[in-house]
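Inside the fold
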Amino acid sequence: QKKRFAVVAQRYSERRSSMRGVTEQEAWEDHQAQKGTVRFGSKDKKKVIDGYEFVFDDLASFVEESSEVKTGRHRGCYSRTVAEKAREERELLPIHAYRDELLKLIEENQVLVIVGETGSGKTTQIPQYLQEAGYTKRGKIGCTQPRRVAAMSVASRVAQEEGVKLGHEVGYSIRFEDCTSDKTVVKYMTDGMLLRELLTEPKLDSYSVIIIDEAHERTLCTDILFALVKDVAKVRPDLRLIISSATLEAKKFSDYFDSARIYLIPGRRYPVEKFFRRLPEVDYLETVIRTVFQIHQTEPTGDILVFLTGQEEIETAETKLKLRMIDLGTKGSEIIISPIYSNLPTELQAKVFEPAPKGSRKVVLATNIAETSLTIDGIRYVIDPGYCKINSYNPRTGMESLLVTPISKASAEQRAGRSGRTGPGKCYRLYNVKDLEPTTIPEIQRANLASVVLTLKSLGIQDMFNFDFMDAPPENALLKALELLYALGALDGNGEMTKVGERMVEFPVDPMLSKMIVGSEKYKCSAEIITIAAMLSVGNSIFYRPKNQQVLADNARMNFYVDTEKVGDHIALLRVYNSWKDVNYSTQWCYENYIQSKSMKRARDIRDQLRGLLNKIGIELTSNPNDLDAIKKAILAGFFPHSAKLQKDGSYRRVKEPQTVYVHPNSGLFGAPSKWLVYHELVLTTKEYMRHTTEMKPEWLIEIAPHYYKLKDIEESQPKKTQRRREKARTLKVDTNKKKAKR
Ligand code: CDP
Ligand code: MG
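This one's a predicted model, so the numbers in the text were calculated from it and none came from an experiment.

Scanning the protein for helices and strands turns up 26 helices and 24 strands. The 743 residues of the protein split such that 43% are buried. Within the protein, counting contacts between residues at least 6 apart in sequence, those at least 24 apart form 72% of the total.

Right under this line is the structure:
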């Protein structure tokens, strides 16, 4: 019988006054309990005593450093460079003790499921271990992340640990941003990017190892990847597959991968005291703010992590905290506020990892990105209101929205655990954990599937209904996706890819947007359309609206809408871009016009990439700036299902669905009704709002999508045509079933 006993001695870092990880006393007691005879300070790292194998990693330095600190002689550690420190810290991570065992298991098992607590070092260390063990000689190591921020920040951390430039040996790839080179051997990427890579490299030949990280998150792309990499592994016995997860859902992963071996990385977790409030919260943000100050004033040192739902809420909380600091006379140096969310500019993202200066307390305001994807050291207190934003799709109406939803019990545990990583922690919950569902529903069961279905079709997978899903999506969601792809012309009546579909799949954007781009060829305005597509892809951050200059900002924005007649949001976006281009992409111009120059630069970047892809599929770049009708028709070529008609009461009604929708208050067409509109997307806040709307002529619907709209639709006020389309989709399904096993 052999038992491994590992003691990982954690070193001091300059700003901490207490030990991280195992304390000297605990290590000693563990050691005594085993009746070992190895003394602390022994240079031997491994000893077999009474049939037990003891591993003392770094024990010698453990004793030295702690005694040094006791006598106040901890010189030297201040002068280490960041890279040196990062490299040394590697050895202090819980996973370090299991390095060799892990490598052996990976060698012996093609598929390995690894479970380890967040922060144990899975994401940053495993790829490095594999690199050190020579795997990169055979091919790259790819590691997927559900979130772009995680991919970027982890890659930058690993580059730092290895002392290499980011983008050289270690790089990352996220949508519209490829930070890799020929040299890159360790590649972090979003799960969506690996899915796209499969399109050009179906057997992932350039990889020796694929790590599907954060598997417990069960994002749509991760779920699809499970099935695809499982297949690739069958034809590539040399490929190694690692499924890595932070929760104990491992059995499910193991079962799915034909009883793959599970490896648990034992982590040391400190006890977390949990508190909750019985009263329902009237204004939970207010409670959060108060709790922050209570902790700050009454609790010992340690940083605070607050889980919020998104950028907007984080910004509100930041403002409120700052105001309260002034009210309470708190010095700015006492509390350092550090926001982190996915749209935060890259250079600010890194700041969240910087330790707060001595004597101050860091308050991290994070989305659930900090739940498992990112580990921020030094957190001792967690404040958890218990909500997150999740993607939710209604297959009946085709409405996709981000909904603020209560988190699951599993998430609540993960969040609380963030406070007990480096010492005993405290978690303040603004809810009763008993009210929560045990786990979150996988995204595949609540997402719009059009994009992944198109990808799968392009990979030659015919039968969506018998695809090897870990958890199958609802049948009507699959039908809806097939139906939309058929309507867009990406699939034919037999559910097979068309030429149009093949062109669409080249663009890393939603099918409607890619159809708009492909459709622009016909209207000779591809140059304008890729500009609009790029501007839409940047998201909602083009216009800048500072709190104290809202009127000025709104006036500046409206300048882009006025013409002989009022233009819609798409055309306005085009004008913003072209005006910026006319002034030679000037930052000063952005500033003067209340435009965010960073967003514009990103749009330019995305546009360049879209132009490259147009070239690849052989569509010429043609400009037709003065023919607004042509541009609108091209938009409709992709977005014709998103049509709405004005009602007597000023609201709109979707032409093909019995759904009432409204013009978004941020739209230039707000309060300036046009009878017929096409919109980019629906967002649900207080109402169902159409975001980015443009006016159109109803006859265009019939001109552009005669298979979808009939004259009746644009004459009658309330068409009821859904039934027919359902039937069409059902025949589609039957057809695809017939073609089963064509893979
Ligand atoms: O993947 P897992 O949650 O197991 O851990 P990890 O992401 O590999 O993180 C290991 C350690 O690296 C954490 O304790 C962080 O302190 C550190 N880290 C960091 O400082 N900066 C990052 N961007 C990522 C990780
Ligand atoms: Mg990780």
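For the pair helix α10 (residues 284-298) and helix α11 (residues 311-328), interaxial distance at closest approach is 10 Å and the crossing angle is 45°. What the angle tells us is that α10 and α11 run oblique. Here the hand of the crossing between α10 and α11 comes out right-handed. Residues Leu285, Val288, Ile289, Val292 and Phe293 of α10 form the contact with α11, whose own contacting residues are Thr316, Ala317, Lys320, Leu321, Arg324 and Leu328. Of the residues belonging to the contact of α10 with α11, the class tally is 8 nonpolar, 1 polar and 2 charged.

Read across the open sheet, the 6 strands follow the order β12-β19-β16-β13-β15-β14; overall the sheet is parallel. Because the sheet does not close on itself, it has two edges, and the strands there are β12 (272-276) and β14 (335-340). Within the sheet, the average angular offset between the axes of one strand and its neighbour, ignoring direction, is 20°. Pairing analysis gives 4 bridges linking strand β16 (residues 379-384) to strand β19 (residues 425-429), with the strands arranged parallel. Among the inter-strand pairings, isoleucine 383 is bridged to a residue of β19, identified as tyrosine 428. The strands that α11 touches are β14 and β15 (361-366); relative to β14, the one it contacts most, it runs at about 175°.

So, on to the site of ligand 1. Around ligand 1 there are 16 residues in total, and Lys122, Thr123, Thr124, Ser153 and Arg157 lie nearest to it. Taken together, the residues of the shell around ligand 1 break down into 3 nonpolar, 10 polar and 3 charged.

With 85% of its residues at a pLDDT of at least 70, the protein reaches an overall mean of 84. Throughout residues 1-79 the model reports pLDDT below 50, and contacts reaching past four residues in sequence, or to other chains, amount to 90 contacts. In the model output, the complex is listed with pTM 0.82 alongside ipTM 0.98.

Take the UniProt feature "domain: Helicase ATP-binding" (unreviewed entry) in the protein next. As annotated in UniProt, the feature "domain: Helicase ATP-binding" (unreviewed entry) corresponds to residues 103-266 in the numbering used here. Along residues 103-266 one finds 40% helix and 26% strand; the C-alpha atoms at either end are 16 Å apart.

About the thresholds
- Residues numbered from 1 in each chain as written.
- Chains lettered and ligands numbered in written order.
- Predicted model: local features only at pLDDT ≥ 70, side-chain atom pairs only at ≥ 80, totals over all residues.
- Helix = DSSP H or I, 4+ residues; strand = E, 2+ residues; numbered from the N terminus.
- Buried ≥ 20, exposed ≤ 12 C-beta atoms within 10 Å, placed from the backbone.
- Contact = placed C-beta atoms within 7 Å.
- Axes fitted to C-alpha atoms, helices over the stretch in contact; angles between N-to-C directions.
- Parallel < 35°, antiparallel > 145°, perpendicular 65-115°, else oblique.
- Left-handed = near helix turned anticlockwise from the far one by under 90°.
- Nonpolar A, V, L, I, M, F, W, Y, C, P; charged D, E, K, R; others polar.
- Pairing = 2+ DSSP bridges.
- Near = placed C-beta within 6 Å.
- pLDDT = per-residue confidence, 0-100.
- UniProt positions renumbered as here; feature names shortened; annotations may be inferred.

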